[in-house]
Amino acid sequence: MTPTTLDVPATRRGGRKPSRRVRRLSRRDKLVLALMVGIPTLAHVVFVWVPTVASLLLSFTSWNGIGVNIHWVGLKNYTSLFTNFPAFWPALSHNFIWLGFFLVIPTPFGMFLAYQLNKQIRFTRFYQTAIFLPMVISLAVVGFIWEIIYNPDTGLLNSLFGTNKPGSYIDWLGNPHLNLWAVLIAASWRHAAYIMVLYLAGLKGMDPALAEAASIDGANEWQTFIRVIFPAMKPINIIIAVVTIIESLRAFDLVYVMGGNNGAKPGLELLSLLITNSIVGESPRIGFGSAIAVVLLVISLVVIIPYLVQTFRKERVR
Amino acid sequence: MTTSQVAVPRTSWAEPERVIVPRKHRVRPARVILHVFLMLTAIVWLVPLLWAVYTSLRSYADTSTHGYLSIAHALTFQNFSNAWSQSGLPLYFWNSLLITVPAVLLTLVFSSFVAFFVARFDFRINLALLMLFTAGNLLPPQVIITPLYRLYLLIPLPDFMNPGADVLYDSYWGVIAIHVAFQAGFCTFVFSNYMRTIPKEITEAALVDGASVWRQFWQIVLPLCRPAFAALATLESIWIYNDFFWALVLFSTGSKRPITSALANLQGQYFTNQNLIAAGALMTAIPTLIVYLLLQRQFISGLTLGANKG
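Chemist: Explain the overall build of chain A to me, using residue names and the numbers behind them.
Modeler: When helices and strands are tallied, chain A shows 16 helices and two strands. Across chain A, the fraction of contacts at a sequence separation of at least 24, relative to all contacts at a separation of at least 6, is 64%.

What follows is the structure, encoded as structure tokens:
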């Protein structure tokens, strides 16, 4: 890139005068820019970041939602969450099981599908369209579709296995040892499609000469993938990891619907469900719910912060 | 490396298949295995949907006497027309429209504004701003729902905007607002990647000619961003229409809910058997399926524009 003369001052910013370009803005231009940025930023901050900070603050208080009857209670919400709330540890571990399952099954499978679909083959558009369909449907509808499959009396699975008669029922969504896995299958149906499409876009943007060179050097397909393609796809791999982790933490709709349209069923507790349960209803426990939200926030930040650093590092030295 | 590998909608996803001229006419066994594998996967992926379609097309009498796993004696659209008329589905579809259209438009306007600022100028806060929006879009919605719910109960609305409640809670405005605020994060990220690929010289030439900032945005940058607009409009329409969580928590009046969230209440109340549930669920999915099949390329590129940032 040949730097234009106008670009030069801007690239060396370290505490100097603003670039010439910026100085050329008229007062009216500055006002227009301020409004263009100010209004959306205000909306984003008020509706997203103020509640995030408020979650943190409220987690140290006790509030039943009536009036301004808010008391500072320090870490009490957290101690009772960790020691005295039976649903918390199952929920936390289910979120991690969810993540682990996603990382081991649908994510690699989606990448594998993308890799295969990237070979120049016939009917690839049909395969892609069919496999990608679940990604277009809302998670709530995905839940209903799978409920029809898992229904103990009338569902496809039990009808196929002959386990839809009294005495031999398999209660896929009711049995606390089974239901998380049943829901995870439905979630993977969608997640593999998502990963497939992200990875395929990455593969299409890659220089095919890389893989060709490796295969000319005598590498087999697996070696080519592991040693050449996978490392070259690092940016996409990071996106996929972030998407997978965030989706695992956000999981809500599917479990809500498949768990019978109310709060957490035994075996299906998730942090997101516990949070939502504690704010609505007869006696909301706002401080307590916020403490669960903070746990979710902290886990999310473990992913979000490195991602931001990695993504924007280049720009800081630009 | 100076080429920023960004935001170019270069997925050849929906392009017509390239004609492949095989060098040898010998059928390679590896290719056959690959096709068998892909065909099986595609079929397995379609089974849940097809099962729902099959169930929805059978009468309850048929399935209750012969079981659900049986050959249908007759196929009928009766479940669809029952679900449509008995449960008031048209109202919920209308609610979805009332929320989705303004939310998508406002999201695109807001995020293109911010992206223009971030991508085309070199102010010191730009990077921080872009990080703020990007991080906001990655937060799980449940992290903010508790204070947001309380905030909505506190923010007053004039009576004509939300008759009977006078607050942002339980209003279309509130649900539209959170969609816009939340989705603006993703769209700003995508737009700013896209706008950076436009050479600086183009707007600088306009600047030398005395064009105002607004004219640069409106007459130069925006027209060049049409592909990004098309992609994000498609993607965001589907996402916002598909939203379940915000509408579930931020509405208390059932008849105000959009179709995706209303479905949960309709089950049990009106959709009393599997056939009706299947019909209701499929009808909810139909608008998104139509949009996807018509605008597949836009949908996919919207999804991958954000990911292609190196």
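More follows now that the structure is in view.
Chemist: Before we move on, could you go through the overall build of chain B and cite the residues and values that matter?
Modeler: Along chain B, the regular secondary structure elements total 14 helices and zero strands. Along chain B, from the amino end to the carboxyl end, the secondary structure elements read α-α-α-α-α-α-α-α-α-α-α-α-α-α. Projecting the C-alpha coordinates of chain B onto the three principal axes gives extents of approximately 80 × 75 × 30 Å. Of all 310 residues assigned to chain B, the portion counted as buried reaches 48%.

Chemist: An account of the interface of chain A and chain B is requested, with residue identities and associated values reported.
Modeler: Between chain A and chain B, the residue contacts involve 90 residues of the former and 93 residues of the latter. Of all the elements, helix α3 (residues 27–58) of chain A adds the most residues to the side of chain A that touches chain B, at 18 residues. Of the residues belonging to the side of chain A that touches chain B, the class tally is 56 nonpolar, 22 polar and 12 charged.

Chemist: How would you summarise the domain arrangement of chain B if you had to cite specific residues and measurements?
Modeler: Residue and element names in this part refer to chain B. Taken domain by domain, chain B consists of domain 1 (29–81) and domain 2 (87–305). Relative to domain 2, the C-alpha centre of domain 1 lies at a distance of 34 Å. Listed by partner, the interface residues are 10 residues for domain 1 and nine residues for domain 2. Every element with two or more residues in the side of domain 1 that touches domain 2 is listed here: α1 (29–56), α2 (60–66) and α3 (78–86). No other element matches the four residues that α1 contributes to the side of domain 1 that touches domain 2.

Chemist: Could you give an account of the environment of A52 of chain B, naming the residues involved and the relevant values?
Modeler: Among the structural elements, A52 of chain B can be located in helix α1. Residue A52 of chain B is classed as buried on the basis of its 25 C-beta neighbours within 10 Å. Apart from residues no more than four positions distant in its own chain, A52 of chain B is found in contact with I145 and I148 of chain A together with A278, A281 and L282 of chain B.

Chemist: Let's hear about the nonpolar core: which residues, and what values?
Modeler: Where a protein is soluble and globular, its nonpolar side chains tend to be buried together. Counting 172 residues, the largest nonpolar core has M196 and V197 of chain A as its most contacted members. Here this core takes 18 residues from helix α10 (residues 179–204) of chain A, the largest share from any one element.

Chemist: Can you explain the domain arrangement of chain A? Please cite residues and give values.
Modeler: All names here are of chain A. Under the domain assignment, chain A is made up of domain 1 (7–58) and domain 2 (87–317). Computed over C-alpha atoms, the centres of domain 1 and domain 2 are 35 Å apart. The interface is formed by four residues belonging to domain 1 together with six residues belonging to domain 2.

Chemist: Let's hear about unusual backbone geometry: which residues, and what values?
Modeler: Even without glycine at this site, F123 of chain A takes up a positive phi of about 60°. Relative to the assigned elements, F123 of chain A resides in the loop between α6 (106–117) and α7 (124–136). Classification of F123 of chain A as partly exposed rests on a count of 13 C-beta atoms within 10 Å. A positive phi angle, near 65°, is found at D170 of chain B, a position not held by glycine.

Chemist: Explain helix α8 (residues 139–150) of chain A residue by residue, including any values.
Modeler: All names here are of chain A. For α8, with 12 residues, the first-to-last C-alpha span of 16 Å sits near the 16 Å given by 1.5 Å per residue. With 12 of 12 residues buried, α8 is to be regarded as a mostly interior element. All of the buried residues in α8 are L139, A140, V141, V142, G143, F144, I145, W146, E147, I148, I149 and Y150.

Chemist: Let's hear about the confidence of the model for chain B: which residues, and what values?
Modeler: Residues and elements named next belong to chain B. When the pLDDT values of chain B are averaged, the result is 86; 90% of them are 70 or greater. Averaged over each element, pLDDT in chain B is lowest for helix α8 (residues 200–208) (82) and highest for helix α4 (residues 89–120) (95). Contacts of residues 1–17 to residues separated by more than four positions or lying in other chains number 42 contacts, the stretch itself having pLDDT below 50. The ipTM, which scores confidence in the relative placement of chains, is 0.87 for this predicted complex, and the corresponding pTM is 0.88.

Chemist: Break down the packing of α3 of chain A against α4 of chain B for me, citing the residues and quoting the values.
Modeler: Interaxial distance between α3 of chain A and α4 of chain B falls to 9 Å at its minimum, and their mutual angle equals 125°. The orientation of α3 of chain A with respect to α4 of chain B, classified from their angle, is oblique. In this structure, the crossing between α3 of chain A and α4 of chain B has a hand that is left-handed. Between α3 of chain A and α4 of chain B, the residues in contact are L33, M36, V37, P40, T41 and A43 of chain A and F110, S111, F113, V114, F116 and F117 of chain B, respectively. Looking at the contact of α3 of chain A with α4 of chain B residue by residue, the classes come out as 10 nonpolar, two polar and no charged.

Chemist: Quick rundown of the confidence of the model for chain A? Include the residues and the values.
Modeler: Residues and elements named next belong to chain A. Mean pLDDT for chain A: 85, with 90% of residues reaching 70 or above. Mean pLDDT in chain A bottoms out at helix α1 (residues 7–11), which sits at 37, and peaks at helix α5 (residues 88–104), which reaches 95. This model gives residues 1–22 a pLDDT under 50, and the stretch forms 21 contacts once residues within four places in sequence are excluded.

Chemist: So, the packing of α7 of chain A against α1 of chain B: which residues are in play, and what are the values?
Modeler: Across the interface, α7 of chain A lies against α1 of chain B with an axial gap of 8 Å and an inter-helix angle of 35°. Pair α7 of chain A / α1 of chain B crosses with left-handed handedness. Seen from α7 of chain A, the contacting residues are F126, Y127, A130, I131 and L133 of chain A; seen from α1 of chain B, they are L38, T41, A42, W45, L46 and L49 of chain B.

Rules used in this analysis
Residues numbered from 1 in each chain as written. Chains lettered and ligands numbered in written order. Predicted model: local features only at pLDDT ≥ 70, side-chain atom pairs only at ≥ 80, totals over all residues. Helix = DSSP H or I, 4+ residues; strand = E, 2+ residues; numbered from the N terminus. Contact = placed C-beta atoms within 7 Å. Buried ≥ 20, exposed ≤ 12 C-beta atoms within 10 Å, placed from the backbone. Nonpolar A, V, L, I, M, F, W, Y, C, P; charged D, E, K, R; others polar. Domains from an automatic or database assignment. Core = buried A, V, L, I, M, F, W, Y, C linked by C-beta atoms within 7 Å. Expected span 1.5 Å × (residues − 1). pLDDT = per-residue confidence, 0-100. Axes fitted to C-alpha atoms, helices over the stretch in contact; angles between N-to-C directions. Parallel < 35°, antiparallel > 145°, perpendicular 65-115°, else oblique. Left-handed = near helix turned anticlockwise from the far one by under 90°.

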